[in-house]
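# Descriptive structure summary
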Amino acid sequence: MYQLTFLHGPLLPSLSLWIMVRYNVAVQHAQFLVVDPLFIRVPTGSIKPTGWALDQANVQASGLAGHLRDFDSYVNGSIWMEGGSIEYSEMHESAPYWFNGMVALAFQLQDARLIGQVQTFLDWTLDNQQDDGWLGPEPFVDDAPEPRLVWPRYLLLLGLVQYAEADANQTERIVDAMHKFVTAVHDIFANNTQGDPSLGFQYDYQYVRWEEMLYSLQWLHDNYPRGQESQLIETMQLVRNAGFSWKDDWFTTDIFPKTAPALANLTMQTHGVNTGEALKSEALAYRFTSDPSDIDSTWERIDLVYTYHGRESGTFAADEHIAGLDPSRGTELCAIVEQIFSLATVYGILGNNSVADRVEKLAYNALPAGIFYDWWSHQYDQQVNQVWAQDMDPFPWVNNGPNSNVFGFEPNYPCCTVNHPAAYPKFWMHNFFTRQNSSSESLVHALFGPSLYTGTLAGDNVVTVAVDTLYPFSTTLDYTISASKSFDFHIRVPGWAQTNLSTISIAGSEPISLKPDSLNLHTVNVPPGVTKLQLYLDAQIQVIPRYNGSVAITRGPLNYALEVTFNKTSAPGLRIMRQKFQTDNHTLDNTLLPTSEWRLAIDPSTINFVDRTQTTTVLPQYIWAPDSQPVSMAVSACQIEWGLINGTAAPPPAGPNACIGDKFEAKLVPFAAARLRLGEIPLMA
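In this report, we go over the structure that sits alongside the text. What you are looking at is a predicted structure, and each value in this text was computed from that prediction instead of being measured. (Residues numbered from 1 in each chain as written. Predicted model: local features only at pLDDT ≥ 70, side-chain atom pairs only at ≥ 80, totals over all residues. Heavy atoms only, no water.)

## A look at the sheet that holds strand 17 (residues 529-536)
The strands making up a sheet associate through hydrogen bonds between their backbones, and the pairing can be parallel or antiparallel. To keep things clear, this is the line we draw: Two strands qualify as a pair provided that DSSP identifies no fewer than 2 bridges between them. Under the DSSP-based scheme used, a helix requires at least four consecutive residues in state H or I and a strand at least two consecutive residues in state E, with every element numbered from the N terminus.
Across the sheet, seven strands lie side by side as 2-10-11-12-17-14-15; this open sheet has antiparallel pairing. Of all strands in the sheet, those bounded by a partner on one side alone are strand 2 (47-49) and strand 15 (512-513). Two strands pair when backbone bridges link them, and strand 14 (residues 503-506) and strand 17 are joined in this way by four bridges, in the antiparallel orientation. Bridge pairing in strand 17 places Thr 503 opposite Tyr 536.

What follows is the structure, encoded as structure tokens:
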């Protein structure tokens, strides 16, 4: 009977058998330990962006993300708000998405306006919790009650976790509500009343996104169990067992699609956002199964997804559904957001260096590429080879609409409008982790960028770490560390850094080569008082073979692209409300058309790196705007024959390609700075 509870699949065929064994199992669970993560995420708010990252956070708060509560009817008119009644779907997810993304940003900035908005949402939600623990509105379809939908509450709980960490005045109240809600969720899944997917697609998402619930359950177990360990562990198992088995039924070499699936073969498993969230499912499950095959499955799925659908910008392709290697196929912005959170979570649990490298690539390439540099518009789908951003008919996506790559208020579908604000705040909150051992607690700097960590390590060791850097544009980081006691400070060494040439200087001493351990961490023992370090990471230009003989160019965490200049035309932002197009007078939809030739090939042997970081102290506020970065590359290029397919650039023509015009010097810029671009570039003859 004990083993039955660990089967990964549907609940036991006989519900009566399940009920009979459930309470016996709970007793055994009380003796079953949850495996600690390798690294522990520090509380929300203890890491704050500084330097150019602080500018980015303020741009986000001043842009569309920071004003959704003011005028987006799917947020301020949501059924999650007092008196609200407007939702874009039966999933009821718009306001929970907004809350999940806005809590961390509000407290990272200590922005009184945003804190007031998330507190209003918090107060209404907790003050109206039902007696049985249920949070939020009851689901109704056509005025008829439906089985309770847990999916949007996964998002709510993620926001509550962040809020409880960031505001000690709200912690006890939030934890009380979460424990009451867990009891309700436990009963829903134990009694198999979580909703059949045949009732509607909203229950499909609940079925495949179960790992989001595990995250919050484990946070409660780790931090505020209140003697409810058995119920928490059993609820983790119930939720996993009631969901889709990503491990056994999808992420295997025999099953997982190696190419873009056809329209007739699309499923909830081929869905890009579901894939991005599922990257962490078995890493989370491992914590309560201790099953090594869960770790194996985590690495296997990462290899499968990025080998057969990956991009050098960090993401995998999924223009709603996984899309293969053709660089003209797209990636949904929501999928990028979820990859950042999932892979940062995987790194915290298991500690794989290449996973952290990919998180940085996503944050510094794919993510900002899909958002206009002033943060007032975004794409639904971005392309690696993006030669225009406009309505396309025909269009290259498998089943998204023709305006999916327009930079707008709500291109194609509303989910990315309310979900995109979560990405950078969650990236910043994973910059540092702590690491426990038998006698002490150390600090790990895992994801790089300008930031400030403030916290207390074991033994009342008050520590601050200020990181002054232009990273990812520069690979030099200056640390000022203050500590009341000595501690070990671990610095992750990226896989791209040439360790024999990468160095660290301590208190102005002669630089020494880095000596990363088996976890790719270089350790410095920091004494009490103030210590200064300077880290230099050696980055080399890499020319990486890509689709159809094209190449991608990277250096350190940055992917580079051939810049295509553009003209922008704007119109009032469009959204679909009750199956009709409506305009929004707060926002604009932006069409970008090329003003320079895009049918180009390059000679990568001629690349010359242009680095102005040594003479740059302050970066522009709109760091991803054209000509705002202190790094670029020059390369010899020429025009070639290159056609169109499905309204956009055809796959890169296989080289070597004959020039049909004179050679000239072209400019490669950081991928996210090129709104129109070639990221996988053909080779000239």
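## Topic: the state of the cysteines
Rules: In plain terms, two cysteine sulfur atoms within 2.5 Å form what is called a disulfide here. Here the term buried applies to any residue with accessible area under 20% of the maximum for its type, exposed to any over 50%, and partly exposed to those in between, with areas from a 1.4 Å probe on protein chains only.
Tallied over the entire structure, the rule returns one disulfide. Put simply, Cys 638 and Cys 659 are joined by a disulfide, and their sulfur atoms are 2.0 Å apart. Residues Cys 638 and Cys 659 share a disulfide whose torsion about the S-S bond is about -75°; that sign makes it left-handed. Of this pair, Cys 638 sits in strand 24 (residues 631-639) while Cys 659 sits in the loop between strand 26 (648-649) and strand 27 (664-670), and the two are 21 residues apart along the sequence. On the basis of relative accessibility, which here comes to 0%, the residue Cys 638 falls in the buried class.

## Details of the sheet that holds strand 8 (residues 432-436)
Judged by pairing direction, the sheet is mixed, and its five strands sit side by side in the order 1-8-9-13-16 without closing on themselves. Of all strands in the sheet, those with a lone pairing partner are strand 1 (40-41) and strand 16 (521-526), marking the two edges. In this structure, strand 9 (residues 441-445) lies alongside strand 13 (residues 487-492), joined through three bridges in parallel fashion. The residue of strand 13 that forms the bridge with His 445 is Ile 491.

## Remarks on empty space enclosed by the protein
Counted only if it meets this: Residues are called lining when one of their atoms sits within 4 Å of a cavity or pocket point, these points coming from a 1 Å grid over the protein atoms alone, where a cavity is a set in which a 1.4 Å probe fits but cannot get out and a pocket is an open set with protein on both sides within 12 Å along at least five of seven lines. Grid points are joined across faces, edges and corners, and a volume is the space filled by probe spheres set on the points.
Under the defined criterion, the tally for this structure stands at three cavities of 30 Å³ or more. In this model, the largest cavity occupies a volume close to 70 Å³. Asn 100, Val 337, Glu 338, Phe 341 and Lys 426 are the residues nearest the centre of the largest cavity, which is lined by 13 residues in total. Among the secondary structure elements, those contributing two or more residues to the lining of the largest cavity are helix 7 (151-166), helix 16 (333-350) and helix 19 (423-428). Here the element with the most residues in the lining of the largest cavity is helix 16; it accounts for four residues.

## Observations concerning the packing of helix 5 (residues 94-109) against helix 6 (residues 112-127)
For clarity, the cut-off: Lines fitted to C-alpha atoms define the axes, with helix axes restricted to the stretch in contact, and inter-axis angles between N-to-C directions lie between 0 and 180 degrees. What sets the label is the angle itself: under 35 degrees gives roughly parallel, over 145 gives roughly antiparallel, 65 to 115 gives roughly perpendicular, and the rest give oblique. Each crossing gets its handedness from the near helix: less than a right angle anticlockwise from the far helix is left-handed, clockwise is right-handed. Note on contacts: a residue pair qualifies if any of its non-hydrogen atoms lie within 4.5 Å across the two residues. Side-chain classes are defined by residue name, with Ala, Val, Leu, Ile, Met, Phe, Trp, Tyr, Cys and Pro counting as nonpolar, Asp, Glu, Lys and Arg as charged, and the others, Gly among them, as polar.
Closest axis-to-axis distance for the helix 5/helix 6 pair is 9 Å, and the angle between their directions is 135°. Considering the angle they form, helix 5 stands oblique to helix 6. Classified by chirality, the crossing of helix 6 by helix 5 is left-handed. Facing Ala 95, Trp 98, Phe 99, Met 102, Val 103, Leu 105, Ala 106 and Phe 107 of helix 5, the residues of helix 6 in contact are Leu 114, Ile 115, Gln 117, Val 118, Phe 121 and Leu 122. Considering only residue class, the contact of helix 5 with helix 6 consists of 13 nonpolar, one polar and no charged.

## Focus on helix 10 (residues 211-223)
Selection criterion: The length a helix should cover is 1.5 Å for every residue beyond the first.
Counted at 1.5 Å a residue, the expected span for helix 10 with its 13 residues is 18 Å, and the 19 Å between its end C-alpha atoms agrees. Where burial is concerned, most of helix 10 is hidden: 11 out of the 13 residues are buried.

## Digging into the environment of Asp 70
Formally: Definition of a polar contact: a pair of N or O atoms within 3.5 Å, with one able to donate and the other able to accept a hydrogen when the atoms are protein atoms, and with sequence-neighbouring residues admitted only if both atoms are side-chain atoms.
Relative to the helices and strands, Asp 70 is located in helix 3 (residues 64-71). Overall, the relative accessible area of 41% leaves Asp 70 in the partly exposed class. With near-sequence residues (within four places) excluded, Asp 70 lies in contact with Asn 76, Arg 113 and Gln 117. At 2.8 Å, the side chain of Asp 70 and the side chain of His 67 are in polar contact. At a separation of 3.0 Å, a polar atom in the side chain of Asp 70 contacts the side chain of Gln 117.

## Here we look at the packing of aromatic side chains
Which entries qualify depends on this criterion: Each Phe, Tyr or Trp ring (for Trp, its six-membered ring) is paired with any other whose centre lies within 6.5 Å, and the angle between the two planes then decides the class: stacked below 30 degrees, edge-to-face above 60, tilted in between. Counted as over-ring charges are cases with an Arg CZ or a Lys NZ within 6 Å of the ring centre that also lie within 35 degrees of the ring normal.
For the coordinates displayed, the defined rule picks out 40 aromatic pairs. When the centroid spacing of 6.0 Å and the interplanar angle of 75° are considered together, the rings of Trp 98 and Phe 121 count as edge-to-face. Of this pair, Trp 98 sits in helix 5 while Phe 121 sits in helix 6, and the two are 23 residues apart along the sequence. In this structure, Trp 98 and Phe 121 share a single accessibility class: buried. On the numbers, 5.5 Å between centres and 75° between planes, the contact of Tyr 364 with Phe 427 is edge-to-face. In this pair, Tyr 364 is assigned in helix 17 (residues 353-369) and Phe 427 in helix 19, connecting sequence segments 63 residues apart. For the pair Tyr 364 and Phe 427, a shared accessibility class is recorded, and that class is buried. The structure contains a cluster of three or more aromatic residues connected by ring pairs, namely Trp 52, Tyr 364, Phe 427, Phe 448, Tyr 471, Phe 473 and Trp 624. A cation over an aromatic ring shows up here: Arg 209 above the ring of Trp 151, its NZ or CZ 4.7 Å from the ring centre. A cation sits over an aromatic face here: Arg 675 above Phe 372, 5.7 Å from the ring centre.

## Quick word on unusual backbone geometry
Residue Asp 393 is joined to Pro 394 through a cis peptide bond whose omega torsion reads 5°. When you line up the elements, Pro 394 lands in the loop between strand 7 (385-386) and helix 18 (415-419). The residue His 92 is not glycine, and still its phi comes out positive at about 55°. Checked against the element boundaries, His 92 lands in the loop between helix 4 (73-76) and helix 5. The residue Arg 226 is not glycine, and still its phi comes out positive at about 55°. Position of Arg 226 among the secondary structure elements: in the loop between helix 10 and helix 11 (229-242).

## Examining the side chain of His 445
Note that His 445 resides in strand 9. Within the local environment of His 445, its side chain forms a polar contact with the side chain of Tyr 479, the two groups lying 2.8 Å apart. Residues within four places of His 445 in sequence aside, it is in contact with Asn 431, Phe 432, Val 467, Leu 477, Tyr 479, Phe 489, His 490, Ile 491 and Arg 492.

## Digging into the environment of His 92
With relative accessibility at 10%, the residue His 92 sits in the buried group. C-alpha separation for the pair His 92 and Pro 137, spaced 45 residues apart in sequence, amounts to 8.9 Å. Excluding residues within four positions of it along the chain, His 92 makes contact with Ile 79, Trp 80, Glu 87, Pro 139 and Pro 152.

## Observations concerning the nonpolar core
Our working rule: Throughout this description, the term nonpolar core refers to a set of buried Ala, Val, Leu, Ile, Met, Phe, Trp, Tyr and Cys residues connected via side-chain atoms within 4.5 Å.
Core analysis: the biggest nonpolar cluster contains 210 residues, and Phe 99, Val 465, Tyr 479 and Phe 489 have the highest contact counts within it. The biggest single contributor to this core is helix 16, with 12 residues. When residues no more than four places from it in sequence are discounted, the contact partners of Tyr 479 are His 445, Phe 448, Val 465, Ala 466, Val 467, Phe 489, Ile 491, Thr 531, Lys 532, Leu 533 and Leu 535.

## So, the pairing of strand 18 (residues 541-545)
Looking at chain direction, strand 18 and strand 19 (residues 551-555) are connected through five bridges and run antiparallel. Residue pairing in the sheet places Pro 545 in a bridge with Val 551 of strand 19. Hairpin geometry of strand 18 and strand 19 is characterised by an intervening segment of five residues between the two adjacent antiparallel strands and by a positive phi of about 60° at Asn 548.

## Thoughts on the environment of Leu 676
Here Leu 676 shows up in strand 28 (residues 676-678). Residue classification places Leu 676 among the buried residues on the basis of a relative accessible area of 0%. As for Leu 676 and Leu 238, which are separated by 438 residues in sequence, their C-alpha atoms are 47 Å apart.

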